[in-house]
Amino acid sequence: METLALINPFAPDTFPMVLRLMTVAVVVNVSCALVGSFLVLRRMSMMGDALSHAVLPGLVIAFLFSGSLGIGPMFIGAVVAGMATTYLTQTLHNYGRLTTDAAMGVVFTSLFALGVVFLKLFASHVHLDAACVYEGSLLKVLETIEIGGLQLPRQLLIAVPVLVVSVGVIGLLWKELKLTTFDASLATAMGISAPVVHYTLMTLVALTAVASFQVVGSILVIAMLIIPPATAQLCVERLSHMVWLSCLLGAAVAVCGSVTAVYFDVSPPGTMAVYAGLFYAMAMVFSPTNGVLSRAWFHYQTASRIVREDLLAMVYRVEELDNTRHLKRESAVEAVGGGLVARRALQSLLSGGEMTDGPEGIALTELGRGQAATMVRTHRLWETYLVEELNLPLDHVHEPAHRMEHFIDDEIREQLAERLPEGAEDPHGREIPEP
């Protein structure tokens, strides 16, 4: 395998070659991220893996017909085999009662085995570069072709047209792809042929995967198809944003991986895959919507809100029984479970003006009493609903009402109230506070 013995990627005499490497990698990664977004959403991420194995018989048959290992016959053979893989997978899924992953497993293992048999029978004398299969040929950007006075890498002759076709087809079928991805039944009801859209997408996947095999390798192309879209899915909620972010991440992976690979003289596709994994790990931790930190913060805020509401309702009930009685701070904190969350929740109520802390203990302010009355009203309305509408016994309604009171909004609360006569009491004979 050719290697680039470069140390400084930005030196004037080496930067043009590094730029060509980045250009090819960016085009390939953006192509993979574009179609990979729909694969991830359709839970068909391993289709790239299936294609990487299943193209082998296509390569052998193309060699038998052409007698050449040139890029043209090999590309055509791989594309035909890739498209056959997608159609056979979908056929087994539709008519063989197999799940999609099982169908992919059956097809790609069978075709890969068939390719091995063909290779042994008809082309055993052909030399296959295993390293190229696994790592691609990004280092061959030194091989250029002159177009319009520019020296461009030969890989762009295939990668760019495939990217243009993918962008064009996805742009034209954007609505159909979106509908069939999220709700194929609704799309069919609206007159959209979900199978046609699916096969069109799978054809794009086959084209993209085969075009990428030669550049990033048949194994590492799987990472380019899956990891950037999966990373984007962690960060955004809308499909259009996900596709754009996937492409940007693919480009960023290509640039960072190319520079690092040249600097350390290591495999560019391998380095890009490592960067893709790092980006995913960072998104998993720091994503504002689905990251570990954001989810932990959301859970903390939810727990803090529930404890605040429990404190308000508890003090309300104590004052309802005896308005001269007051709880001490420590007693109130322990009553709602204790710990840091309960202490901070009580401190928040005191600093927010919902409670006061005097020598006799904590007490509700007018602001806090209004909020507490709403919580207690919700609790007692729900208890009444459970008893009168669902005929639950009295000793079975407190815990469900205690959980639901924190998640019932104003509209549902008033719908519950409309079912009761004015001045009604809860099943335990206690007054239901008015709003």
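Computed from a predicted structure; not experimentally measured.

Cut-offs and rules
- Sequence order as written defines residue numbering, which begins from 1 separately in each chain.
- Reporting of local features is limited, given that this is a predicted model, to residues whose pLDDT is at least 70; pairs of side-chain atoms are given and counted only at 80 or more, and all residues count toward the totals for whole chains, interfaces and linings.
- Note: side-chain values were computed over all heavy atoms of the structure, leaving out hydrogens and water.
- Counting from the N terminus, the helices are DSSP H or I runs at least four residues long and the strands are E runs at least two residues long.
- Using C-alpha atoms as the atom set, the radius of gyration is obtained and then compared with a globule rule of 2.2 Å times the number of residues to the power 0.38.
- The buried label applies to any residue whose accessible area, calculated with a 1.4 Å probe on protein chains only, is under 20% of its type's maximum; exposed applies above 50%, and partly exposed to all values in between.
- Where accessible areas are quoted, they stem from the Shrake-Rupley method and a 1.4 Å probe; at the residue level, only the protein chains shown are allowed to cover.
- Note that domain bounds follow an automatic or database assignment of domains.
- Think of it this way: a Phe, Tyr or Trp ring, Trp meaning its six-membered ring, pairs with another when their centres are within 6.5 Å, and the plane angle makes it stacked under 30 degrees, edge-to-face over 60, tilted otherwise.
- What makes a salt bridge here is a side-chain nitrogen of Lys or Arg within 4 Å of a carboxyl oxygen of Asp or Glu, nothing more.
- By definition, no residue in a patch forms a salt bridge, and every one has over 30% relative accessible area; like charges are joined within 9 Å, nonpolar side chains (Val, Leu, Ile, Met, Phe, Trp, Tyr) within 5 Å.
- UniProt positions are given in the numbering used here, feature names are shortened, and annotations may be inferred rather than shown by experiment.
- Criterion used throughout: strands pair if DSSP finds at least two bridges between them.
- One less than the residue count of a helix, multiplied by 1.5 Å, gives the span that helix is expected to have.
- Using only the protein atoms, space was sampled on a 1 Å grid; points where a 1.4 Å probe fits but cannot get out form cavities, open sets with protein on both sides within 12 Å along at least five of seven lines form pockets, and lining residues are those with an atom within 4 Å of a point.
- Grid points are joined across faces, edges and corners, and a volume is the space filled by probe spheres set on the points.
- Put simply, Ala, Val, Leu, Ile, Met, Phe, Trp, Tyr, Cys and Pro go in the nonpolar bin, Asp, Glu, Lys and Arg in the charged bin, and everything else, Gly too, in the polar bin.
- Note on terminology: a nonpolar core comprises buried Ala, Val, Leu, Ile, Met, Phe, Trp, Tyr and Cys residues joined through side-chain atoms within 4.5 Å.
- Should any heavy atoms of two residues lie within 4.5 Å, those residues are counted as being in contact.
- Throughout, disulfides are identified as pairs of cysteine sulfur atoms within 2.5 Å of each other.

Peer 1: Even after reading the chapter, I still don't get the overall build of the chain, so can you show me in this structure?
Peer 2: Looking only at helices and strands, one finds 19 helices and 4 strands in the chain. For 435 residues, the compact-globule estimate of 2.2 N^0.38 gives 22 Å, and the chain exceeds it by more than 25% at 32 Å. Across the 435 residues that make up the chain, the buried fraction comes to 46%. Total accessible area on the chain is roughly 22000 Å²; 64% of this is exposed by carbon and sulfur atoms.

Peer 1: Could you clarify how one ought to interpret the domain arrangement of the chain in this entry?
Peer 2: A common way to express how large an interface is: the accessible area buried when the components associate. With domains assigned, the chain is organised as domain 1 (14-290) and domain 2 (295-431). Summarising the inter-unit geometry, the C-alpha centres of domain 1 and domain 2 are found 55 Å apart.

Peer 1: Could you clarify how one ought to interpret the packing of aromatic side chains in this entry?
Peer 2: Any aromatic ring pair is given by two values, namely how distant the centres are and how the planes are angled relative to each other. Overall, the coordinates contain 6 aromatic pairs when judged by the stated rule. Between the aromatic rings of F38 and W174, the centroid separation amounts to 6.1 Å while the plane-to-plane angle is 75°, which identifies the pairing as edge-to-face. Remark: W174 occurs in helix α8 (residues 174-182) and F38 occurs in helix α1 (residues 15-41); sequence separation between them is 136 residues. F38 gets classed as buried once you look at its relative accessible area, which sits at 0%.

Peer 1: Before we go on, may I ask you to explain the pattern of salt bridges in this structure?
Peer 2: A side chain with one charge can pair with a side chain of the opposite charge if their charged atoms come near. If you walk through the whole model with that rule in mind, you get 12 salt bridges. Where R430 meets E383, a salt bridge forms, and the shortest distance between an N and an O atom there is 3.4 Å. Placement of R430 in the segment after α19 (410-418) and of E383 in helix α17 (residues 366-390) is noted, with a sequence separation of 47 residues between them. A salt bridge links D426 to R430; the nearest nitrogen and oxygen atoms lie 3.0 Å apart.

Peer 1: I keep staring at unusual backbone geometry and nothing clicks. Help me out?
Peer 2: Residues apart from glycine generally show negative phi values, whereas peptide bonds are mostly found in trans. In this structure, R43 takes a positive phi of about 55° despite not being glycine. With respect to the element layout, R43 can be found in the loop between α1 and α2 (47-54). For R43, a relative accessible area of 76% translates into the label exposed. Phi angles above zero are rare outside glycine, and D265 is one such case at about 55°. On the secondary structure map, D265 appears in the loop between α12 (239-264) and α13 (268-286). The partly exposed category is assigned to D265, whose relative accessible area is 40%.

Peer 1: Just to check I follow, could you spell out α2 for this structure?
Peer 2: Helical geometry note: an α-helix holds 3.6 residues per turn, so side chains three or four residues apart project in the same direction. Within α2, 8 of the 8 residues are buried, which leaves the element mostly enclosed by the surrounding structure. When α2 is considered as a whole, its buried residues turn out to be M47, G48, D49, A50, L51, S52, H53 and A54.

Peer 1: Hey, could you run me through a nonpolar patch on the surface in this one?
Peer 2: A contiguous nonpolar patch, built from I61, L64, F65, V117, L121 and F122 and spanning about 620 Å² of accessible area, is present on the exposed surface. Of all the secondary structure elements, the ones that give two or more residues to the nonpolar patch are α3 (56-66) and α5 (100-122). Position of F65 relative to the elements: it lies in helix α3. Taking relative accessible area as the criterion, F65 reaches 75% and is therefore assigned exposed.

Peer 1: Please explain the UniProt feature "transmembrane region" (unreviewed entry) in the chain as it appears in this structure.
Peer 2: In this numbering, the UniProt entry assigns the feature "transmembrane region" (unreviewed entry) to residues 20-41, 71-90, 102-123, 156-174, 215-236, 243-264 and 276-298. Annotation note: span residues 20-41, helix share 100%, strand share 0%, distance between end C-alpha atoms 32 Å. Taken end to end, residues 243-264 has its terminal C-alpha atoms 31 Å apart, with 100% of it in helix and 0% in strand.

Peer 1: Help me out: how do you make sense of the pairing of strand β3 (residues 355-358) in this one?
Peer 2: For a regular strand, side-chain orientation follows a simple rule: the groups alternate between the two sheet faces. Across 4 bridges, β3 lies against strand β4 (residues 361-364) in antiparallel orientation. Across the sheet, residue M355 finds its bridge partner in β4, namely L364. Hairpin connection of β3 to β4: 2 residues between the antiparallel strands.

Peer 1: For this particular structure, what's the right way to read α5?
Peer 2: When the terminal C-alpha atoms of α5 are compared, their 32 Å separation across 23 residues agrees well with the 33 Å that a helix rising 1.5 Å per residue should span. Among all positions of α5, only A103, M104, V107, F108, L111 and G115 are buried.

Peer 1: Can you help me understand empty space enclosed by the protein in this one?
Peer 2: Where empty space is left can be seen by rolling a probe of water-molecule size over the atoms. With the rule as written, the count across this model stands at 2 cavities of 30 Å³ or more. Every residue along the wall of the largest cavity is listed here: L381, T384, Y385, E388, E389, L416, R419 and L420. For the lining of the largest cavity, the leading source of residues is α17, giving 5 residues. Looking at the lining of the largest cavity residue by residue, the classes come out as 4 nonpolar, 1 polar and 3 charged.

Peer 1: Just checking my understanding: could you explain the nonpolar core for this structure?
Peer 2: Side chains of nonpolar character tend, in soluble globular proteins, to be buried together. Formed by 60 residues in total, the largest nonpolar core has its most connected members in M47, I170, M202, V205, F213 and M224. If one sorts the elements of this core by residue count, α1 sits on top with 12 residues. Dropping the residues within four chain positions of it, M202 is found in contact with L39, M44, M47 and T86. Ranked by size, the runner-up nonpolar core spans 24 residues in total, among them A313, V315, M355 and A373.

Peer 1: Quick question: what am I supposed to make of the state of the cysteines here?
Peer 2: One covalent bond between the sulfur atoms of two cysteine residues makes up a disulfide. The final tally for this structure, using the stated rule, is 0 disulfides. Of all cysteine sulfurs in the structure, the one in C247 sits closest to C32, which takes part in no disulfide; the separation is 10 Å. Overall, C247 belongs to the buried group, its relative accessible area being 12%.

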